Amino acid sequence: MKLLVTGGAGFIGSNFVRHVLAAHPEDSVVNLDKLTYAGNPANLEDVAHDPRYRFVQGDICDATVVRDALKGVDAVVNMAACTHVDRSLMEPDEFLRTDVFGVFTLLEAVRELKIPRLLHISTDEVYGSVERGSSRESDPLRPSNPYSASKAGGDLLALAYWQTHKTPVVITRSSNNFGPYQYPEKVIPLFITNAVDDQPLPLYGDGKNVRDWLYVLDNCAAIDLVLRKGKEGEVYNIGGGHEVENIVLTRQILKLAGKPETLITPVKDRPGHDRRYSLDAKKVQQLGWAPRHKFGDALATTVAWYRAREAWWRPLKSGEFRAYYAKQYGAR
Ligand code: NAD
Ligand code: TYD
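Residues numbered from 1 in each chain as written. Chains lettered and ligands numbered in written order. Predicted model: local features only at pLDDT ≥ 70, side-chain atom pairs only at ≥ 80, totals over all residues. Heavy atoms only, no water.

Draft legend 1. Molecular detail of the overall build of the protein. Each helix and strand counted, the protein has twelve helices and 13 strands in total. On C-alpha atoms alone, the protein measures out to a radius of gyration of 19 Å, which is about the 20 Å that the 2.2 N^0.38 rule sets for 332 residues. Taken along its principal axes, the extent of the C-alpha atoms in the protein is 55 × 45 × 40 Å. Split into buried and exposed, the 332 residues of the protein put 55% on the buried side. Roughly 13900 Å² of accessible area belongs to the protein as shown, and the carbon and sulfur atoms make up 54% of that amount. If the 42 positive side-chain charges of the protein are averaged to one point and the 41 negative ones to another, these points end up 2 Å apart. (Helix = DSSP H or I, 4+ residues; strand = E, 2+ residues; numbered from the N terminus. Rg over C-alpha atoms; globule rule 2.2 N^0.38 Å. Buried < 20%, exposed > 50% of the residue type's maximum accessible area, 1.4 Å probe, protein only. Areas by Shrake-Rupley, 256 points an atom, 1.4 Å probe, with all protein chains shown as cover. Lys, Arg positive; Asp, Glu negative; His and termini not counted. Charge placed at Lys NZ, Arg CZ, Asp CG, Glu CD.)

Here's what the structure looks like:
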């Protein structure tokens, strides 16, 4: 199979490209990525010279670039997105552009060029905060911030193209991912790298918000399965099944990093902060998927990875990140 992966230079995208090249020797991958602050060619330097891999720098909102990249492709996996909730509160424009208009551009090109499959990668955040129980694929979407609202817009558009044009879309909605190559603005890599440097860990609100954590390699395996076995027009939740309060997670990170709990610094809450996400993942389990990594082991592997790969993350925490961090935490 010849795949077009968009956003392949980001966190999940780079892990997914590596997964496909290793798991499917007959497959090839074109990676179309704009290289925003979150896209990093270093994430894939180990496969850069694989003859089955090709990188194209470009924007999914650019119809000409997208049509060109789609030539001869059997399936598209759309990972390209603006992804950080806090940034969407400060600069929502780019979220609407990429996460809605970018999806529209891909849908139009896939329809016109009759590409056999478009797997669109979405998030549990489209369901909004879930006080009790777990979100099922048929539940209404109640996004509560510009990131999740933009992602919900992309999902609804994709499903509308299936309804009206039978454009062959499939959607996955996963819970919070963690693991190697995650940009250090997201909570787990931010807290690990701050801890390494004995810097404060800014914990929002009362620290009791709950996220359902999924190791990125388990998500890659699920995405791969849905890509090959999922039914057109359907949505598949991918949940890690490990729900934990942020304060508990923070203590676990500090313990693994060998740093004191005095680094925990409560800060003002994120506006509109969703209290809890929880996914019912029975549907993807029925396709034959289950997470293979235990949360505690995967978190330990992740902490060890960041400790061993300072050369990867240190440059990311300077420059643009420093300005973002000052704006973000200066404002709180
Ligand atoms: P990321 O921010 O690490 O990477 C996003 C990638 O998309 C970057 O390489 C960036 O350069 C690229 N990109 C952004 N705008 C683009 C554009 N207009 N054209 C082309 N490329 C562009 O994101 P991630 O965490 O790897 O997330 C990947 C996907 O998975 C996203 O769709 C996200 O909504 C979804 N998701 C992420 C999580 C998570 O916990 N990280 C959970 C559920 C769903
Ligand atoms: P994040 O990694 O931004 O993912 P999302 O908001 O998409 O779930 O945040 C995960 C949780 O951690 C969320 O409840 C917000 C909280 N958080 C903090 O307490 N401090 C931080 O500095 C960050 C970035 C997040």
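Don't stop here, the text continues.
Draft legend 2. Expanded view of the packing of aromatic side chains. Evaluated as defined, the whole model comprises 16 aromatic pairs. With a centroid separation of 4.5 Å and an interplanar angle of 50°, the aromatic rings of Y325 and Y329 are classed as tilted. Taken as a pair, Y325 and Y329 lie in helix α12 (residues 320-330) at a separation of four residues, close to a single helical turn. Residue Y325 is classed as partly exposed on the basis of its relative accessible area of 23%. Judged by its relative accessible area of 17%, Y329 falls in the buried class. Three or more aromatic residues joined by ring pairs form one cluster here, namely Y37, Y183, Y204, F321, Y324, Y325 and Y329. Directly above the aromatic system of Y236 lies the positively charged group of K283, at a separation of 4.9 Å from the ring centroid. (Phe/Tyr/Trp six-rings, centres within 6.5 Å; stacked < 30°, edge-to-face > 60°. Lys NZ or Arg CZ within 6 Å of the ring centre and 35° of its normal.)

Draft legend 3. Structural view of helix α7 (residues 216-229). The terminal C-alpha atoms of α7, which comprises 14 residues, lie 20 Å apart, in line with the 20 Å expected from a rise of 1.5 Å per residue. For α7, the tally of buried residues reaches ten of 14 residues, placing the bulk of the element in the interior. Of the residues making up α7, those classed as buried are V216, D218, N219, C220, A222, I223, D224, L225, V226 and L227. (Expected span 1.5 Å × (residues − 1).)

Draft legend 4. Spatial organisation of the layout of surface pockets. Of the voids in this model, the largest pocket is the one considered here, and its volume is about 270 Å³. Around the largest pocket, the lining residues are T193, N194, D197, Q199, P200, W313, R314, K317, S318, F321, R322 and Y325. At the level of secondary structure, the elements contributing two or more residues to the lining of the largest pocket comprise α6 (187-196) and α12. Residues belonging to the lining of the largest pocket are distributed by class as follows: four nonpolar, four polar and four charged. (1 Å grid on protein atoms, 1.4 Å probe; cavity = no way out; pocket = protein on both sides within 12 Å on 5 of 7 lines; lining within 4 Å. Points joined across faces, edges and corners; volume = space filled by probe spheres on them. Nonpolar A, V, L, I, M, F, W, Y, C, P; charged D, E, K, R; others polar.)

Draft legend 5. Main features of the site of ligand 2. Neighbouring residues of ligand 2: 20 residues in total, closest E125, P202, R270, H273 and Y329. Taking E125, its side chain carries an N or O atom lying 2.4 Å from an oxygen atom of ligand 2. One nitrogen or oxygen atom from the side chain of N246 is found 2.9 Å from an oxygen atom belonging to ligand 2. In the complex, the protein chains occlude 97% of the 510 Å² of accessible area that ligand 2 would expose alone. Those elements that provide at least two residues to the shell around ligand 2 are α3 (85-90), α6 and β8 (201-204). (Near = heavy atom within 4 Å. Polar contact = N/O pair within 3.5 Å; in protein donor to acceptor, adjacent residues only side chain to side chain.)

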